[in-house]
Amino acid sequence: MSPTLLFVLLLLVFLALLLLATRPLGNYIAQVMEGRPNFALKLGGPLEAALYRLCGVDSRRDMPWREYAIALLAFNVLGALIVYALQRLQAYLPLNPQHFAGVSPDSSFNTAVSFVTNTNWQGYAGESTMGYLVQMAGLAVQNFLSAATGIAVAIALVRGFARHNASGIGNFWVDVTRSTLYLLLPLAVVLALALAGAGVIQNLDGYRDATTLEKLTYQNPRTDAAGNPLKDAQGNALTETATTQTQTLPMGPVASQEAIKELGTNGGGFFNANSAHPFENPTPLTNGLELLAMFLISFALTYTFGKLVGDVRQGWVVLASMIILFVPLALLGFEIEQHGNPAITAQGVDAAPSALQAGGNMEGKETRFGIAASTLWTAVCTGTSTGAVNSAHDSLMPLGGFVPLFLMQLGEVAPGGVGTGLYSILMFAILGVFIAGLMIGRTPEYLGKKIESLEMKLASIFILTTPFAVLIGTALGVVTAAGRAGIANPGPHGFSEILYAFTTAANNNGSAFAGLSANTPFYNVATGIAMYVGRFWPIVAALAIAGSLAAKKRVPVTEGTMPTHGPLFIALLIGSILLIGVLTYVPALALGPVVEHFMLGGAAH
């Protein structure tokens with residue numbers, strides 16, 4: 001059986017399992033978020049009520065969109081301050097068996113913003129920077145709360161479509177509590193137990209030293225008394241030979257963080273190698289469970305959307321659009337990597353009978369996963385806002401690197417992050433019906449609500465904010481000395497590294513090409529700003545649209561109303577997404593992965 005056919009079968013099984021779970025989980029989310037009686041609310045109701053009393057929350061209050069937005073922003077700012085403080089005070093906190101020092105101010109700022117915005121971009125190595133208390137009380141807590149924030153915004157926007165002549169869009173505190181207590185926490189417990197049973201470590205032990213069978217000889221940088229690297233007259237770093245026969249094995253509460261990292265489409269790894277590390281993702285079984293977890297809630301929320309607006313066909317249309325966008329790009333990524341590197345083939349060192357590199361491009365990939373599971377993961381982690389990696393994206397072929405870049409630049413709507421994917425694609429749906437209304441000369445309508453100038457202005461702000469942050473940030477990275485200093489690979493690949501860094505930051509993804517030295521004041525501050533703008537400006541615009549739609553009266557369906565539950569609307573929705581993505585990013589992509597692809601092909605000949 002050909003590798004391509006095997007990958008297609010893998011992809012079909014993956015999607016089939018998700019589709020089986022979409023309806024029951026989506027229906028459950030709709031019941032929970034709207035407070036409809038079910039077993040979960042009966043079990044957790046007393047605890048939920050106690051939390052409201054403890055925090056002084058009036059759970060019956062229906063918030064206007066401005067109040068909802070202020071509560072959301074205040075909650076997330078407080079979360080960022082707590083994560084920042086935990087990192088800075090780490091040296092004085094318990095559960096720090098390796099006695100790590102406090103994290104630098106710029107890295108603490110970047111990490112705090114990163115985890116609060118659901119980005120989980122990491123400019124540091126977790127196993128050599130963060131103690132267990134910071135990992136658990138800071139980072140893991142925000143993995144839950146940032147995901148819950150995304151779900152809350154999605155549900156608030158759906159209420160905007162579902163309600164009419166209403167002044168409120170729900171209660172932020174109730175939405176965050178219910179999505180955490182009844183959805184994220186139970187799923188995370190189940191998945192954490194499954195991962196721990198399958199080999200993912202879970203402990204609070206100190207790191208362990210193991211004696212290796214062979215001595216390792218390596219070059220160690222020479223430094224002066226102040227710890228600065230020494231260089232020769234030509235500016236080259238001076239090194240000295242060192243040997244060791246000891247390997248330090250990091251420990252920690254990994255399975256519990258790994259579960260919510262994937263379910264909440266967070267992506268921040270306990271270890272620097274993320275899900276390529278055998279303690280985070282040891283087997284094909286754990287790899288499959290984590291892949292399913294990344295898509296699970298985003299798929300289910302589409303059914304929740306259809307259920308809450310009273311027409312489940314609307315949800316299936318949204319889900320179909322997401323899948324149609326995802327599948328071709330996933331297939332492209334696999335084919336590019338399976339074909340391998342033409343420069344290696346041209347050297348004549350490959351005994352393959354065909355013109356392709358035998359085994360494909362395995363650079364930067366784990367042999368326990370291979371190309372199929374690695375490229376599927378790459379597409380899944382960038383089609384969502386997860387950003388967790390099980391291979392090195394910097395080692396992808398040029399067009400292989402184009403795939404995760406473009407999936408993020410589409411707005412991460414294939415299917416997007418937990419909550420963010422749904423409310424993002426609904427913005428494109430608003431744009432789509434507006435374009436259709438212009439073509440047929442009617443006032444645009446979607447789900448019984450007129451789409452007027454206010455909604456279009458807000459949708460435009462939503463859609464254009466992220467490209468603004470990406471392209472401005474990339475330009476600063478290219479033209480400033482501080483930005484260029486982080487480039488390890490000059491030329492088109494170096495440009496791709498900077499473009500990828502700001503794309504992943506502004507789209508709240510968090511994955512990295514990894515060839516860029518990003519733990520510097522410039523990148524920590526610049527990507528931190530991009531993460532904050534890319535997360536909260538669109539959220540405020542989405543909530544404003546929700547408030548405007550909720551206040552409108554419902555427009556009756558007439559013969560002139562464009563149906564939004566069939567193939568025509570799917571085509572219109574996908575076309576709107578591609579139109580924005582292509583027109584906005586193709587010039588930048590042409591300077592990076594596209595140019596590198598042609599340069600590599602030329603070098604092979």
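The structure this text deals with has already been given above.
A few points on the structure. Model, not experiment: these values are computed from the prediction.

Helix and strand counts for the protein come out as 18 helices and four strands. Its C-alpha atoms give the protein a radius of gyration of 24 Å, near enough to 25 Å, the size a compact globule of 605 residues would have. Dimensions of the protein, computed from C-alpha atoms along their principal axes, come out at roughly 75 × 60 × 50 Å. Looking at the protein as a whole, 55% of its 605 residues qualify as buried.

What follows deals with the pattern of salt bridges. Side chains that differ in sign of charge can pair as their charged atoms come close. In this structure the tally under the stated criterion is 16 salt bridges. Residue arginine 163 pairs with aspartate 62 through a salt bridge whose shortest N-O separation is 3.0 Å. Pair noted here: arginine 163 is in the loop between helix H5 (132–162) and helix H6 (172–197) and aspartate 62 is in the loop between helix H2 (39–55) and helix H3 (65–88), with a separation of 101 residues, a long-range link. For arginine 442, the salt bridge identified is with glutamate 445, shortest N-O distance 3.2 Å.

Another point: unusual backbone geometry. The bulk of non-glycine residues show a negative phi, and the bulk of peptide bonds are trans. Following alanine 414, the chain continues into proline 415 via a peptide bond in cis, with omega recorded as 5°. Mapped onto the secondary structure, proline 415 falls in the loop between helix H12 (398–409) and helix H13 (420–440). A positive phi angle, close to 45°, is found at threonine 265, a residue other than glycine. When you line up the elements, threonine 265 lands in the loop between helix H7 (254–263) and helix H8 (284–308).

To continue, consider the packing of helix H9 (residues 312–339) against H12. In the contact formed by H9 and H12, the axes pass within 8 Å of each other and the chain directions differ by 160°. The angle between H9 and H12 places the two elements in the roughly antiparallel class. Once H9 is placed against H12, the crossing between them reads as left-handed. Here Leu329, Leu332, Gly333, Ile336 and Glu337 of H9 come into contact with H12, specifically with Leu399, Gly400, Phe402, Val403, Phe406 and Leu407. Among the residues making up the contact of H9 with H12, the classes are represented as eight nonpolar, two polar and one charged.

Formed by 160 residues in total, the largest nonpolar core has its most connected members in Phe14, Ile151, Phe326, Met427, Tyr446 and Leu543. Per element, the largest residue contribution to this core is 15 residues, and it comes from H5. Residues within four places of tyrosine 446 in sequence aside, it is in contact with Phe161, Phe305, Gln314, Leu426, Ala429, Val433, Ile451, Thr564 and Phe569.

In this section: the environment of leucine 578. Tracing the backbone shows leucine 578 in helix H18 (residues 567–604). Distance from leucine 578 to threonine 527, taken between C-alpha atoms, is 25 Å for residues 51 residues apart in sequence. Those residues in contact with leucine 578 that lie beyond four places of it in its chain are Leu325, Phe406 and Leu410.

Let us look at the packing of aromatic side chains. In total, this model carries 22 aromatic pairs according to the counting rule given. Summarising the aromatic geometry, the rings of phenylalanine 75 and tryptophan 173 are spaced 5.8 Å apart at their centres and angled 85° between planes, so their arrangement reads as edge-to-face. Of this pair, phenylalanine 75 sits in helix H3 while tryptophan 173 sits in helix H6, and the two are 98 residues apart along the sequence. Note on phenylalanine 75: relative accessible area 22%, which makes it partly exposed. Exposure remark for tryptophan 173: the relative accessible area of 29% places this residue in the partly exposed category. Every member of this aromatic cluster is reached through a ring pair, and the members are Phe14, Phe295, Phe299 and Phe326.

Among the secondary structure elements, asparagine 236 is positioned in the loop between strand S1 (208–221) and strand S2 (239–249). Owing to a relative accessible area of 45%, asparagine 236 belongs among the partly exposed residues under this scheme. For the pair formed by asparagine 236 and arginine 535, sequence separation is 299 residues and the distance between their alpha carbons is 41 Å.

Looking at the element boundaries, glutamine 338 is found in helix H9. Excluding anything up to four places from it in sequence, glutamine 338 contacts Pro3, Gln357, Gly359, Gly360 and Ile371.

The subject of this paragraph is the packing of H9 against H13. Contact geometry of H9 with H13 gives a least axis separation of 11 Å together with a crossing angle of 95°. One way to sum up the angle between H9 and H13 is to call them roughly perpendicular. Contact residues: Val318, Ser321 and Met322 in H9; Gly421, Leu422 and Ile425 in H13.

A word on H2. The terminal C-alpha atoms of H2 lie 25 Å apart, and with 17 residues this matches the ideal 24 Å at 1.5 Å per residue to within 8%. Where H2 is concerned, the buried positions are Ala40, Leu41, Gly44, Gly45, Glu48 and Tyr52. Packing partners of the buried residues in H2 comprise helix H1 (3–33) and H6. Sitting at the amino-terminal end of H2 is asparagine 38, which places a side-chain oxygen 3.2 Å from the backbone nitrogen of alanine 40.

Moving on: a nonpolar patch on the surface. A contiguous nonpolar surface patch, about 580 Å² in accessible area, is contributed by Phe468, Ile472, Leu476, Val478, Val479 and Trp537. If you tally residues by element for the nonpolar patch, the top one is helix H14 (residues 453–479), at five residues. Note on placement: tryptophan 537 falls in helix H17 (residues 521–551). A residue is classified by how much of its surface remains accessible, and tryptophan 537, at 47% relative accessible area, is partly exposed.

Cut-off values and rules
- Residues numbered from 1 in each chain as written.
- Predicted model: local features only at pLDDT ≥ 70, side-chain atom pairs only at ≥ 80, totals over all residues.
- Heavy atoms only, no water.
- Helix = DSSP H or I, 4+ residues; strand = E, 2+ residues; numbered from the N terminus.
- Rg over C-alpha atoms; globule rule 2.2 N^0.38 Å.
- Buried < 20%, exposed > 50% of the residue type's maximum accessible area, 1.4 Å probe, protein only.
- Salt bridge = Lys/Arg side-chain N within 4 Å of Asp/Glu carboxyl O.
- Axes fitted to C-alpha atoms, helices over the stretch in contact; angles between N-to-C directions.
- Parallel < 35°, antiparallel > 145°, perpendicular 65-115°, else oblique.
- Left-handed = near helix turned anticlockwise from the far one by under 90°.
- Contact = heavy atoms within 4.5 Å.
- Nonpolar A, V, L, I, M, F, W, Y, C, P; charged D, E, K, R; others polar.
- Core = buried A, V, L, I, M, F, W, Y, C linked by side-chain atoms within 4.5 Å.
- Phe/Tyr/Trp six-rings, centres within 6.5 Å; stacked < 30°, edge-to-face > 60°.
- Expected span 1.5 Å × (residues − 1).
- Polar contact = N/O pair within 3.5 Å; in protein donor to acceptor, adjacent residues only side chain to side chain.
- Patch = residues over 30% accessible without salt bridge, like charges linked within 9 Å, V, L, I, M, F, W, Y side chains within 5 Å.
- Areas by Shrake-Rupley, 256 points an atom, 1.4 Å probe, with all protein chains shown as cover.

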